[in-house]
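# Structural overview
The chain contents come next:
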Amino acid sequence: MNPVNEEVIDLKCFHWDIDNWSTLPNRVQGPVFEAGGHKWNILLFPRGNNQADCTSIYLEFSEAKSGSPKIYSCAQFVICVSPPSNPTQYISHAAQHRFDADESDWGFTRFIDVNQLCNADAGGRPPFLENDSLRITAIIRVLKDSTGVLWHNFVHYDSKETTGYVGLKNQGATCYMNSLFQSLYCTNYFRKAVYQIPTENDEPTKSVALALQRVFYNLQFQNTAVGTTELTKSFGWDSLEAFMQHDVQEFNRVLQDNLEAKMKGTPADGAIKKLFVGKMKSYIKCINVDYESSRSEDYYDIQLNVKGCKNLEDSFKDYIQEETLEGDNKYMAEGHGLQDAKKGVIFENFPPVLHLQLKRFEYDIMRDTMVKINDRHEFPTEIDLEPYLDAEADRSQSHKYVLHGVLVHSGDLSGGHYFAFVKPTKDGKWLKFDDDRVVPAKLEEVLEENFGGEQFGMTGRPNMRVYKRFTNAYMLVYIRESMIDEILGDVTKDDIPDHLKKRLEEEERLLEERRREKEQQHLFMRVMIATDNTFKANEGFDFACFDERNPQYAMETLRIRKDQTYTAFKKDLGERLSIPADHFRLWFLVNRQNRTIRPDSPIPEEEANSTLELIRQRYLTNQPHLRLYVETATQFDESGNAVFPAPPSPTASKVLVFIKLFDPRTQQIRGIGRLYVSKNGKVGSIIEDLNKLAGFEPGTSITLYEEIKPTMIEEMDLNFTFMLAEIQDGDIICVQPKLTEEEMAELKAKDYCLTVPSFLEYQRNIVHITFSPKVYNPDVEFTLVLQRNMTYDEVAAKVAKKLDADPDKLQFFTSDPFDEPKNTVRRSSTMTLSDMYQMTLQPNTIKAKLLYDVLDISLAELESKKLVKVTVCSPTLNDTTTMELLLPKQSRMSDLLKALDARGANFKTTDATRNVRLFEAMNNRFNTEFKTSDPISQISDSPFAQLYAEEIPEEEMTMGDDDFYIRVFHFQREVARSHSVPFKFMVKKDEPFEDTKKRLQERTGLNDKDWSKVRFNIVSTYSAAPIDEEDNFKLSDHQFRVEDSLGLEHIDKKGQANRIGAERGLFIRG
């Protein structure tokens, strides 16, 4: 048996001697024995269980079926088979299992081959069966289940019942987010602060604060896993974003920035800074003279090295390790010249809740890629951070911190899974939050299993292969011990504002109603009801509109119990329609083979006591619901009883037909009534009845058509009988007045349809197309009702008329699911609207979309042009406008500048040159500056290239001989994650860095708050060296190499940073 880190309750050995093997039944339960306070027995299938080749032997938990349903026991066991006289000849198998009511036995279906059991083997070893006798031995080791979930299969697991907490559902790749939210939720002071954000007037789908309040409230009071869909929708994320993994530190910072803004001026104002913000000091201190330069800054988390550090203490020591500036790297101290100095960082204070980011992902120079660091790195449950404080820091309170949370990543750089260990209460147990499941955890799971490093392939086996652990901690949460009672204080309903409780309780009530409806859904069926008014409301083909998505849908849908009798249903329906139950009968609406839906036959009266579900199964087997037409009586006997014609049958003399009227003048068709007609009567015999229904004068000349199927509307011969015309119950006859030559000419001039067939064909081809500009702008989005068989030019003409544009200058694009341009629609004389957008839905239900762009030139001219996309930056690099220019392919950059001027590109820089610099960036890093004489063919077609136009600053016109240019770019955490607009920057000789920063800020356009968070680095090909930012540093003193750049490190608020793998830019809607 494998060793396990669990307390052993009991170890027992039991022998079962069997003397009558050949006469045993197929299934035998051995004698009961006790181990670990529970009763056990061996379960034997001498001739095999579900197979006949091998004997099957299991260990059975005897109490499982008779005891409490919650009773269980965890045990390791060995089962041995041996001859009674020779215990040294044996076969054994070992296993471990959690025995409970659902899995009360566990063992080996193919324990020993029957032939091996009964016969000697080829080597002469005697059979195990000796004189029809056999010994079966069970060695059982019962273990204490310290967490309650040892070897649990989680089939019937209840997180709330077991731990008091519930999990969060994973939307696809949101485990990173779930692990952070559970950590924040268990930081009770933070949860209280979130509850205090005023959200009374917030829109549910747009308020991040309200959505987070809802998640926290549901985590606190719900009994099952909580969804986060509303929360991610409030972020402004689409469904694709839920399948993109993001960096947890970055997500946490963006979220806290958003919440901090929401908390301003509220009872929660300052809560985030109070909890999570500390101060550190960067300094340079001269060794030989009394001079020090320093700068303090806030931090929300601390990024600590893993590589080269054995534990957390080593990482802190590494973080505050001083660097000696000497030799060629001496420090220029004001008033003292070049001096040897110590450069470093020290902490001025630590926040009550400390977030430590372990740098598990780093850039590998040799591989030229990011890699995950899986090295062993230990962290304690308690740590004293006083040794890492500045000598002048406040030490009046203890700086002893206790571990509260461990966020874990399992996997590699390309992907993986995230989960969290959290200790929600001061003296409570650790819990593992793994998406929708929360389970108790041992301290060993929290610590040892997440330190990283190496592990053996099989525990306890010598000389086994060693494997790297791919599961390790990447974020640690520590809480100041002296404040733990305040930070983890209980959160009760009294801490939740009344408006929020009422709102969320009402949401929960509605959710519970929907949940109950869903649970009882199998007891109900949908019944769709059509009346004469439904038919009359139909302004298109067929009896009615049966598509519930269509605005013209006019049927009433009822939710009815399947076991309701037909009589009871008819009575209830009569009350609903205000018609006595015996004054109407119900017809089945059935799908015909010609793709129409028509009344077919009445429900037989003998079904009066049948249930609706039984009726559906008998008559409409292929339909999941009942669709019924209500025929109200038009004839009554002397006693006032309704009289209905005989139901359809070969001997019935009449059939029920429905009548529609088409008015060519109004271009409308609608139902006007129904008639019972004689099968043997001529079609022309009902002309006057039809005139009366239509409201025409007697003798009006009309034309009759039969609606046969969507593509077949045929004129009826008035001399045919209805039988010869193959008219049956439920058929539809359309009538229209005959038109004179003058009337036809007048209607043709209006492009009207003249006949029922042409009008229904027109309707069949109708499609509602939404046209949206290529660059989304809801103000110029519109919908047109068009024909699927329209040509490209006809569609262009309709759109051009709506836009008051030239149709020859319209370009169309298909769109992807996110309304971004997908493919350009190529103009062709044979192309129809159906070709432009492949539509597969039924007519009148299509909600298709095409994107358009109004060009400055015709499509024909477009083929001889090059499309150039240029971003104009003015007055700062943060103020951008993107323009698309079509230039002749032989153009030069000077032509591009003229085109920009013609398009009204405005350069608004104060006291600037009005001269324009055109430059190209690659992956958000300055790459090439163009001359005006350069051909535009030099502009890269790479999707990673960006073309920019900026006004050359005035300062460059007075550039000194000792001044020089450097390249500047923005990045987030790693230099590979570049973002924003890079630029060329002039370094002034001997300019203090404080003044340089002012010029950089003015150039970038960042506000004071965002600029205060920027960190400055000298970036070479493979590394970034932070710049000491004291006022006396001069950028001109650094010896810049060709490959060096100035890197501005800060969060990308626009979510455009280059990503690793499939990761997209991260943003949360403000």
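Residues numbered from 1 in each chain as written. Predicted model: local features only at pLDDT ≥ 70, side-chain atom pairs only at ≥ 80, totals over all residues. Heavy atoms only, no water.

### Observations concerning the packing of aromatic side chains
Stated formally: Any two rings among Phe, Tyr and Trp, with Trp reduced to its six-membered ring, count as a pair given centres within 6.5 Å; such a pair is stacked if its planes are under 30 degrees apart, edge-to-face if over 60, and tilted if neither. Comment: elements are numbered from the N terminus, with helices defined as DSSP H or I runs of at least four residues and strands as E runs of at least two. Only protein chains enter the accessibility calculation, which uses a 1.4 Å probe; a residue whose area is less than 20% of its type maximum is buried, one above 50% is exposed, and one in between is partly exposed. Charge-over-ring placement is defined geometrically: NZ (Lys) or CZ (Arg) within 6 Å of the ring centre, and within 35 degrees of the ring normal.
Applying the stated criterion to the full structure yields 49 aromatic pairs. Here the aromatic rings of F77 and F99 are separated by 6.0 Å at their centres, their planes lie at 55 degrees, and the arrangement is tilted. Taken as a pair, F77 in strand β6 (residues 73-82) and F99 in strand β7 (residues 91-99) lie far apart in primary sequence, 22 residues in all. Neither residue differs from the other here; F77 and F99 are each classed as buried. Centre to centre, the rings of Y176 and F251 are 5.8 Å apart; their planes meet at 85 degrees, and the pair counts as edge-to-face. You can see Y176 sitting in helix α3 (residues 175-185) and its partner F251 sitting in helix α7 (residues 248-263), a full 75 residues away along the chain. Ring pairing ties together the aromatic residues Y299, F316, Y319, F347, F350, Y388 and Y401, which thus form one cluster. Sitting over the face of the ring of F546, R627 holds its NZ or CZ atom 5.6 Å from the ring centroid. When the ring centre of F969 is taken as origin, the NZ or CZ atom of R925, which lies over that ring, is 4.0 Å away.

### What to know about unusual backbone geometry
Most peptide bonds take the trans configuration, and most residues that are not glycine carry a negative phi. Cis geometry is adopted by the peptide bond preceding P875, which originates at S874 and carries an omega value of 5 degrees. Its place among the elements puts P875 in the loop between β45 (865-873) and β46 (880-888). Phi at N924 is positive, roughly 65 degrees, even though this residue is not glycine. Counting through the fold element by element, N924 comes out in the loop between β47 (916-922) and β48 (925-929). Here the phi dihedral of S980 falls at roughly 65 degrees; this positive angle occurs in a residue that is not glycine. Assignment of secondary structure puts S980 in strand β51 (residues 974-987).

### Quick word on the environment of E506
The cut-off we apply is this: Polar contacts, as used here, are pairs of N or O atoms within 3.5 Å; protein pairs need one atom able to donate a hydrogen and one able to accept it. Residues neighboring in sequence count only if both atoms are side-chain atoms.
Counting through the fold element by element, E506 comes out in helix α12 (residues 498-519). In the structure, E506 is positioned twelve residues away from K518 in sequence and 18 Å away in space, judged by C-alpha atoms. Of the polar contacts made by the side chain of E506, one reaches the side chain of R509; its length is 2.6 Å.

### Some details on the environment of M986
Quick note on the threshold: Contacts are assigned to residue pairs with any non-hydrogen atoms lying within 4.5 Å of each other.
You can see M986 is positioned in strand β51. Not counting residues up to four positions away in its chain, the partners in contact with M986 are E955, E956, M959, D963, F964, Y965 and R999.

### Comments concerning the confidence of the model for the protein chain
Basically, it comes down to this: Scored between 0 and 100, pLDDT is the confidence that the predictor attaches to each residue.
The pLDDT averaged across the protein chain works out to 88; a share of 93% of its residues lies at or above 70. A low-confidence stretch, residues 839-846 stays under pLDDT 50, and its non-local contacts, those more than four residues away or across chains, total 21 contacts.

### A few points about the sheet that holds β48
Neighbouring strands of a sheet are bound in pairs by backbone hydrogen bonds; such pairs are parallel or else antiparallel. Spelled out, the test is: By definition, two strands form a pair when at least two bridges between them are found by DSSP. Interaxial angle, 0 to 180 degrees, is taken between N-to-C directions of lines fitted to C-alpha atoms, where a helix line uses only the stretch in contact.
Taking strand neighbours across the sheet as the criterion, the five strands line up as β46-β45-β49-β47-β48 in an open arrangement whose pairing is mixed. Each end of this open sheet is capped by a strand with a single partner; those strands are β46 and β48. Mean inter-strand twist for the sheet, computed between neighbouring axes without regard to direction, equals 40 degrees. Bridging between β45 and β46 involves nine bridges; their strand directions are antiparallel.

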